[in-house]
Each structure stands twice: as structure tokens, then as C-alpha cells.
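Letter by letter, the chains look like this.
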Amino acid sequence: MLETGDVSYQRIVFTIGIILVGILASKIMLIRYLLQKYFFDDEKSHWRTLNSCCYALGLFSVAFLIMVIAFPARSEVTPHTVVAAIFFVGILLYTCFDCYLFDHVVQTHSLIDNTLKKVQMGRICFCVGQLIFCFLYLVIYPAAQERWSSQNKKLPAMKTPEDAGFLLMFTACLFEWLAIISLISYFTCFAFDFSYFYVTLQAIPRNVSRPSEYESGSRSEGSFPIVSASVERKKSGKRDGSLSV
């Protein structure tokens, strides 16, 4: 077993990987936010507020994920543990929050078919799995790290079964990876939701009230573009309804 970040080339790979994962996760959360906003367009305002809070919570957790880079597990045990714990708690709250919001959509929205209902059931299972595995990891890892540091002060980061405390550290890492796999599986389920929508990004001058005016060439001097993200539901190969943010 090898602690990520203790060897130079591995630390570089780890750093680049975390940054790319953070960027990808933030984009997925944005699209998810737009889709949820589409479903909540005709709902009461508090559902849209909850959706915005969920999105903000997701971005908050991604920020702490990237902060993990600054604290290698071997040399900065306490900061690494604290930042990682905040990330896990934040992302778990996000997934639970998101699962709750979409469960409301499944129960109330007529556009949801049987496929998405089955996907939602799987998402609930992944969400529960994350909670269990993350809880076990957060309980076991600090004790495992403390025991490892006290009994193997001069050993390198590479862990072998012959080292004292290996089994406890292995168990903690196992639960960590199970939590990560459950989290990745949860986000993978978004692909089913996204396949039902067209997601577009466009730039429109601020002084144009309708995109058609911009497309027809009615542009004024000195106009500044704004970026607009939108989602449109796919239905029988056609676009049925839209939402722009």
C-alpha cells in the first residue's frame, strides 16, 4: 500500500488527477442544477431555492477536494484528515440532498419514465452505501494512522503486510475506496438523466432581448456578450420545452 503524494511523480499524477476531477465534478453539478431547475420550473419557489443550495454545497465540497492537494497524508496528517473529512461530509450531503430532490421529481413529474425511476432506486442504494462506507472510514482511519505513526516512524510510505498496523490501515483504505466507488457510481447515474436532454451554451449580447434578434443580425455597436446555459428535453427526437439560465 502506498500513500498518495509521498513520491514525487505520484504526487504530480495525484495533483493533476484531483484538479481534473474537480473540474469535471463542477461541470456535472452545473448540468445537474440546470436539469433540476427545469423540473422545478413549475414547482413552488422553495424547491428552486433548495436546488440552488444543493448546487452551492456541491461546489463547496469540490473546493475542499482540490485543497487535499496541499496536505500530503504522510507529512500533514491532521490537515489532510480534516480537509478530506470536510470533503467527504460535503459531497455526501450533496448526494443525499440531490437524491432527495430528484426523488420528489420522480414522484411528482409526469415526464419521468420507468427507466429513470429504476435509476433513482439505484442512486438511493449508492447514496446509502456512501454513508455507511464513509462513516466507517472516518472512524477507522484516524486510529489506523495514529497507530501506524507510533509504530512505524522510520518506515517509508510503502506499506507491507509485515508492518505493524497494516491490517487496520488496509481496512481503512478499503472503506475509503468503497466510498469513492459508490460516489463515482452515483455520479455515473447522471448519464441517464443527461441523455434525456440537450445541453447548450450560447453567447448573446446584453442589449438583445431575444436570441432570434441576434441570429438575424440585429446587433448594435459596443454590445457585450453574456453566456447562457440551457437545457431542452428530448422527446421522440424533437426538443420539447426549454430552460435557460
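What you see is a predicted model; the values in this text were computed from it and never measured.

**Here we look at the UniProt feature "transmembrane region" (unreviewed entry) in the protein**
- When the UniProt feature table is mapped onto this chain, "transmembrane region" (unreviewed entry) is found at residues 12-35, 47-70, 82-102, 123-144 and 164-187.
- With 88% helix and 0% strand, the stretch residues 47-70 has end C-alpha atoms that lie 36 Å from each other.
- Measuring from the first to the last C-alpha atom of residues 82-102 gives 30 Å, for a span that is 100% helix and 0% strand.

**Let's talk about the packing of aromatic side chains**
- For the structure shown, the criterion picks out 15 aromatic pairs.
- Aromatic side chains Phe 190 and Phe 194 sit 6.0 Å apart centroid to centroid with 35 degrees between the ring planes, which places their arrangement in the tilted category. Of this pair, Phe 190 and Phe 194 both sit in helix α6 (residues 190-194), four residues apart, which is roughly one turn of that helix. Considered together, Phe 190 and Phe 194 belong to a single accessibility category, that of buried residues.
- These aromatic residues form a ring-pair network of at least three members: Tyr 94, Tyr 186, Phe 187, Phe 190 and Phe 194.
- It is Arg 32 that lies over the ring of Phe 102; its NZ or CZ is 4.5 Å from the centre.
- The ring of Phe 102 carries the charged tip of Arg 123 above its face, separated from the ring centre by 4.8 Å.

**Brief notes about the pattern of salt bridges**
- Tallied over the full model, the rule gives three salt bridges.
- Among the ionic pairs, Arg 123 bridges to Asp 193, the shortest N-O distance being 3.0 Å. Placement of Arg 123 in helix α4 (residues 114-151) and of Asp 193 in helix α6 is noted, with a sequence separation of 70 residues between them. Just as Arg 123 is buried, Asp 193 falls in that class too.
- Connected via shared salt-bridge partners are Arg 32, Asp 98, Arg 123 and Asp 193.

Reading the values: rules and limits
- Residues numbered from 1 in each chain as written.
- Predicted model: local features only at pLDDT ≥ 70, side-chain atom pairs only at ≥ 80, totals over all residues.
- Heavy atoms only, no water.
- UniProt positions renumbered as here; feature names shortened; annotations may be inferred.
- Helix = DSSP H or I, 4+ residues; strand = E, 2+ residues; numbered from the N terminus.
- Phe/Tyr/Trp six-rings, centres within 6.5 Å; stacked < 30°, edge-to-face > 60°.
- Buried < 20%, exposed > 50% of the residue type's maximum accessible area, 1.4 Å probe, protein only.
- Lys NZ or Arg CZ within 6 Å of the ring centre and 35° of its normal.
- Salt bridge = Lys/Arg side-chain N within 4 Å of Asp/Glu carboxyl O.

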